[in-house]
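Summary of the model geometry
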Amino acid sequence: MSAALPVSPNSRNELLALRSDLKTQQAAIEASFLLHKNPARLLKNQTQLIDKLLKTVWLQANIHVGCGLIAVGGYGRGELFPYSDIDLLILLPEQFPEGENLKIEALIGLLWDIGLNVGHSVRTQHECLTEASNDVTVQTNLLEARYLAGSKAQYNAFLSAVNGQMHPAEFFTAKFKEQDIRHAKFNDTAYNLEPNIKESPGGLRDLHMILWLAQSQGLGKSWLDLAKNQLISGPELRQIKRHQRNLQTLRIRLHYLAKRREDRLLFDFQNELAADLGFVTNPRKRASEQLMQSYYRSVKYISLINEILVKTLESTLTKTAANITPISDNFEAHNQWLQAKNARILQQQPTAVLECFLLLQQHPELEGMGANLIRQLQRVKKLVNREFRELNDNKSLFINILSQSKGVNHSLRRMNRYGILGQYIPAFGKIVGQMQHDLFHVYTVDEHILNVLANLRRFAKPELKHEFPLCSQLFSAFEKPYLLYLAALFHDIAKGRGGDHSTLGTHDAKRFCKLHGLPREDAQLVAWLVEQHLKMSSTAQKSDLSDANVITQFAQLVKTETRLNALYLLTVADIRGTSPAVWNAWKARLLENLFYATKRVLNDESFNAQQTADIRQQEAADKLNKYGLSAQSYRLLWGMLGIAYFTRYESDEIAWQSRLLTPHAQSDKPIVRARLSPNGDGIQVMIYSKDQDDLFARICNFFDRMAYSIVEAKIYTTLHGYALNSFSVLDQSGKSVSYSGLLKFIENELTEKIISPSIEAPLEGRISRQVKHTLFSTQINIYVEQKNLQHTIHHTIEIVTGDRPGLLAKVAFIFLQLGIDLHNAKINTLGNRAEDSFLVSGKQGATLSNTQLAILEEELLRL
């Protein structure tokens, strides 16, 4: 840091010397940080280094004496991260010689040549004030102005003008709106798996927000100033600095790892960052999961202190006395914010801790909790202990909160945000901020659980019944919705403990229900839902729903219609709560089909193959008759298909395929037809061709190269040796296309691929960053399946692995090479995780030997 900088940057040698010296000193700062791990010192040293360099270059540039060089933004604040932009304002006098512009342009060019990432503006004071009045971001930037070089008088006048233009109330409104918009970009959650350390909710920007508002009101520019002005307490000051230091350390290390300005905690860096910070993988949590939990706990506190101080600073703008309205014996409303009647009420009567959440549900006119009440909750939350949980009044209050007709989701989110939910349910406290490295959950465990509960609450709102009509209907008839909320709270609560989280969570749910005195039948339902919460999803997406045995076995598991309704509601809410991208119309249809089929069995309606085939044939015939097709023509085709076809395909598909194939039952050329899926998402493609061993591989290859995701494949061989297959595919690119042209392209090009004498090798595409950096082992499960209709034994092969381009085609090629026949495929993509299921046999339906199965498993594990 002490080396002198060259003073005459007029030659190439001097420029190179400047660059070299800058790199040397930056390397020394990095080495010092890695040794001492002091982020505040690094930010200070970075700022001082650039200050010194800029002052030297400014002097040598001989800029007009009336100009000033001013640091703004983060650099002006004195927080310059390793690869952050250096924000500069070159302040011009109102009367500025035109020829001087060339000197300024040369100066900026020189700064870039030296190796500085400069973000600059060149303005007069009047232009600055005009821009600031139109854009609160510019106004905020100028609020952090710091003098570097040039005219000090010009700077002082500028500073006075900027401060004079500040209107604290207007500034507050604009910044609060700006923060809301910024948070919305991240779905209003701090708990995404790749958060932005600077911009995400609870990030460094939320701390800056507080200081900007305080500065605008003349209450200080630093945390120490806020403590002196009694806006924050001593413990709060220490907590803020601790969590700020954590985020600053992460951001600095992230910059050094990426060797660029990178503020996102991408999967690419999480493992290396965790190792650098000393986190070590243990049997329960990976090092990266421990790193991210530390991050999430910091942003949780920062979000909390942001809420407290934003409310506090808003109240300082109000000059009139608060409008106070009594709410209960312990609480009152101050300008629509709930407050305790005295500061010690929560300590003297701990039951009031839960009462305040219930009151917000019962008084929707209230906007939330006031800053003082939130602070009081932080001081007393440790009183929510075992003794607290065992008091009947508190147990009754918690169940009452869950039983309210409105505000359940908001109350539980508040309880989590303020640290009360994890105290009341200790098992929940352990999963706060816990990451899920399963390739399809995009939220932490606690955020996912609350998303599931929010989805259940959506089913309760009549104005939203169009979203999920069946869920809305079932929910409105469900006698005790709070049992569903309890199941949602406990369904993933045992994640990260090792072992089966469903089983461990069931034990937690049973203890909770017993402690709270729930009736035996209700407690059993909650525990059963937690234990079986994955069963309906896995059955619908992995099993052959046309198989009567599958439906019968599922009905035997469910036993009652109440359980079926509850499990269906929880399953839909759970899938939708994992990721915005996981739910689609195909999954919705599968779950509905399983729901209705199971309901028929529970109501003693028979579910045998012949009856199902008869019903579907009649429904299809009714549709075909509208097209003028004679029964004789399509029944001739049906005779070639076999009874299994009518249990595999639904009546709409049967009618569509029969209409297309009746004239071409013995076609020598493949027939490929595509349509928009009648059930919602995607495209449905029918392939009818003389059966050939490599047909499935060719089809998968084709859709892989189109970048389409196959979500379902129905594989069927007719009695006369033709393949009649149906594929449901989704476009993952999100591009706008002409569907008429796309459908025609699929029909023509796929036909050509099927009849081509050669077959292309599987696509080797780019693996997603999450799959690449997540330690996820491929899992292969093999089950014996007795197929009653054919009286043969087949095997179901389940593959769980990271999704990637060409995956399905590679599986198809393995089947082809090993002489394995495919009878059905259920393709299930959950985010970046593939959970695919295949019903297979040897050639001509022969049962696969143990040796063949072992070879198959070995090949699949190499994927």
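Just so we're clear, the structure is a prediction, and the values are computed from it rather than from any experiment.

Rules of the game
Residues numbered from 1 in each chain as written. Predicted model: local features only at pLDDT ≥ 70, side-chain atom pairs only at ≥ 80, totals over all residues. Heavy atoms only, no water. Helix = DSSP H or I, 4+ residues; strand = E, 2+ residues; numbered from the N terminus. Buried < 20%, exposed > 50% of the residue type's maximum accessible area, 1.4 Å probe, protein only. Contact = heavy atoms within 4.5 Å. Pairing = 2+ DSSP bridges. Axes fitted to C-alpha atoms, helices over the stretch in contact; angles between N-to-C directions. Expected span 1.5 Å × (residues − 1). Polar contact = N/O pair within 3.5 Å; in protein donor to acceptor, adjacent residues only side chain to side chain. Core = buried A, V, L, I, M, F, W, Y, C linked by side-chain atoms within 4.5 Å. Phe/Tyr/Trp six-rings, centres within 6.5 Å; stacked < 30°, edge-to-face > 60°. Lys NZ or Arg CZ within 6 Å of the ring centre and 35° of its normal. Parallel < 35°, antiparallel > 145°, perpendicular 65-115°, else oblique. Left-handed = near helix turned anticlockwise from the far one by under 90°. pLDDT = per-residue confidence, 0-100. Salt bridge = Lys/Arg side-chain N within 4 Å of Asp/Glu carboxyl O. 1 Å grid on protein atoms, 1.4 Å probe; cavity = no way out; pocket = protein on both sides within 12 Å on 5 of 7 lines; lining within 4 Å. Points joined across faces, edges and corners; volume = space filled by probe spheres on them. Nonpolar A, V, L, I, M, F, W, Y, C, P; charged D, E, K, R; others polar.

With respect to the overall build of the chain
A count of helical and extended segments in the chain gives 39 helices and 17 strands. A principal-axis box enclosing the C-alpha atoms of the chain has dimensions of 100 × 75 × 50 Å. In the chain, which comprises 863 residues, the share counted as buried stands at 55%. Taking the contacts inside the chain whose residues are at least 6 apart along the sequence as the reference set, 71% of them involve residues at least 24 apart.

Considerations on the sheet that holds strand 1 (residues 68-71)
If you walk across this open sheet you meet the four strands as 3-2-1-4, and the pairing is mixed. Pairing within the sheet leaves two strands with one partner each, and these edge strands are strand 3 (118-124) and strand 4 (146-150). Neighbour to neighbour, the strand axes of the sheet diverge by 25 degrees on average, direction disregarded. With seven bridges connecting them, strand 2 (residues 86-92) and strand 3 associate as parallel partners. What sits directly across from L91, in strand 3, is R123. Its contacts with the sheet put helix 2 (residues 39-61) on strand 1, strand 2 and strand 4, and the angle it makes with strand 4 is roughly 25 degrees. Packed onto the sheet, helix 4 (residues 101-114) meets strand 2 and strand 3 and runs at close to 165 degrees relative to strand 2.

Overview of the sheet that holds strand 6 (residues 331-334)
Strand order across the open sheet formed by four strands is 5-6-7-8, with mixed pairing between neighbours. Of all strands in the sheet, those bounded by a partner on one side alone are strand 5 (324-326) and strand 8 (368-369). Pairing between strand 5 and strand 6: three bridges, direction antiparallel. Paired with T325 across the bridge in strand 6 is A333. Seen against the sheet, helix 16 (residues 371-380) touches strand 6, strand 7 (337-340) and strand 8 and runs at an angle of roughly 50 degrees to strand 7.

Some thoughts on helix 9 (residues 204-216)
An α-helical turn contains 3.6 residues, so a residue and the one three or four places further along point in the same direction. Over its 13 residues, helix 9 runs 19 Å from end to end, which matches the ideal 18 Å to within 8%, given 1.5 Å per residue. Counting buried positions over the 13 residues of helix 9 gives 13, a clear majority of the element.

Thoughts on the side chain of E747
On the secondary structure map, E747 appears in helix 36 (residues 739-755). For E747, a relative accessible area of 11% translates into the label buried. Polar side-chain contacts of E747 include one of 2.9 Å to the backbone nitrogen of A674. Beyond its immediate stretch of four places on either side in the chain, E747 contacts V672, R673 and A674.

Comments concerning the nonpolar core
Counting residues in hydrophobic clusters, the biggest one holds 187 residues, and the most contacted among them are L54, W223, F398, L412, I425, F428 and L489. The dominant element in this core, judged by the number of residues it contributes, is helix 13 (residues 287-316), at 14 residues. F727, L750, A812 and F813 belong to the second largest nonpolar core, which has 45 residues in total.

Let's talk about the packing of aromatic side chains
On inspection of all chains with the given rule, the structure shows 24 aromatic pairs. Ring centres of F702 and F703 lie 5.2 Å apart, and the angle between their planes is 70 degrees; on these two criteria the pair is classed as edge-to-face. Under the relative-accessibility criterion, F702 is labelled buried at 6%. Clustering of aromatic rings is evident, with ring pairs tying together Y634, W638, Y645, F646, Y649 and Y716. Stacked on the ring of F81, the Lys or Arg R251 has its end atom at 4.1 Å from the ring centre. A cation over an aromatic ring shows up here: R675 above the ring of W656, its NZ or CZ 4.1 Å from the ring centre.

Quick word on the packing of helix 11 (residues 234-258) against helix 13
Remark: helix 11 packs on helix 13, axes separated minimally by 10 Å, with the N-to-C direction vectors making an angle of 135 degrees. If you check the angle between helix 11 and helix 13, you find them oblique. Crossing handedness for the pair helix 11 and helix 13: left-handed. Of the residues in helix 13, those in contact with E236, Q239, I240, H243, N246, L247 and L250 of helix 11 are L291, S294, Y295, R297, S298, V299, Y301, I302 and I305.

Concerning the confidence of the model for the chain
Considering every residue of the chain, the mean pLDDT works out to 90; 95% of them sit at 70 or more. Here residues 1-9 is modelled with pLDDT under 50, and outside its nearest four sequence neighbours on either side it reaches 27 contacts, counting other chains as well.

Description of the side chain of H255
Tracing the chain through its elements places H255 in helix 11. Discounting residues that sit within four places of it in the chain, H255 has contacts with F81, P82, Y83, S84, R260, R261, E262 and D263.

Observations regarding the pattern of salt bridges
This structure, assessed with the given rule, holds 37 salt bridges. For R205, the salt bridge is made with E199, and the minimal N-O distance between the two is 3.7 Å. As a salt-bridge pair, K495 and D492 come within 3.5 Å of each other at their nearest N and O atoms. In this pair, the class of K495 matches that of D492, namely buried.

Section: the environment of G682
Mapped onto the fold, G682 is located in the loop between strand 9 (671-676) and strand 10 (683-690). A relative accessible area of 24% means that G682 is categorised as partly exposed. For the pair formed by G682 and N584, sequence separation is 98 residues and the distance between their alpha carbons is 9.3 Å.

Overview of empty space enclosed by the protein
In total, this model carries three cavities of 30 Å³ or more according to the counting rule given. Only helix 30 (585-602), strand 10 and strand 12 (722-731) provide two or more residues apiece to the lining of the largest cavity. For the lining of the largest cavity, the element with the most residues is strand 12, which contributes three residues. Classifying every residue of the lining of the largest cavity gives five nonpolar, five polar and two charged. Space inside the second largest cavity adds up to approximately 40 Å³. As for the second largest cavity, its lining consists of L129, A132, Q139, L142, L143, V162, Q165 and M166. Secondary structure elements with two or more residues in the lining of the second largest cavity: helix 5 (125-134) and helix 6 (136-143).

Notes on the packing of helix 26 (residues 520-531) against helix 29 (residues 561-576)
Interaxial distance between helix 26 and helix 29 falls to 10 Å at its minimum, and their mutual angle equals 45 degrees. Taken together, the axes of helix 26 and helix 29 lie oblique to each other. For helix 26 against helix 29, the interelement crossing comes out right-handed. Touching L525, W528 and L529 of helix 26 are T562, R563, A566, L567 and L570, all from helix 29. Residue composition of the contact of helix 26 with helix 29, by class: six nonpolar, one polar and one charged.

Re the pairing of strand 10
In terms of burial, strand 10 is a largely internal element, seven of the eight residues being buried. Here strand 9 runs beside strand 10; their pairing, made up of six bridges, is antiparallel. Residue pairing across strands places V672 opposite I687, the latter belonging to strand 10. For strand 10 and strand 12, the ladder comprises eight bridges, and the chain directions are antiparallel. Among the inter-strand pairings, M686 is bridged to a residue of strand 12, identified as S726.

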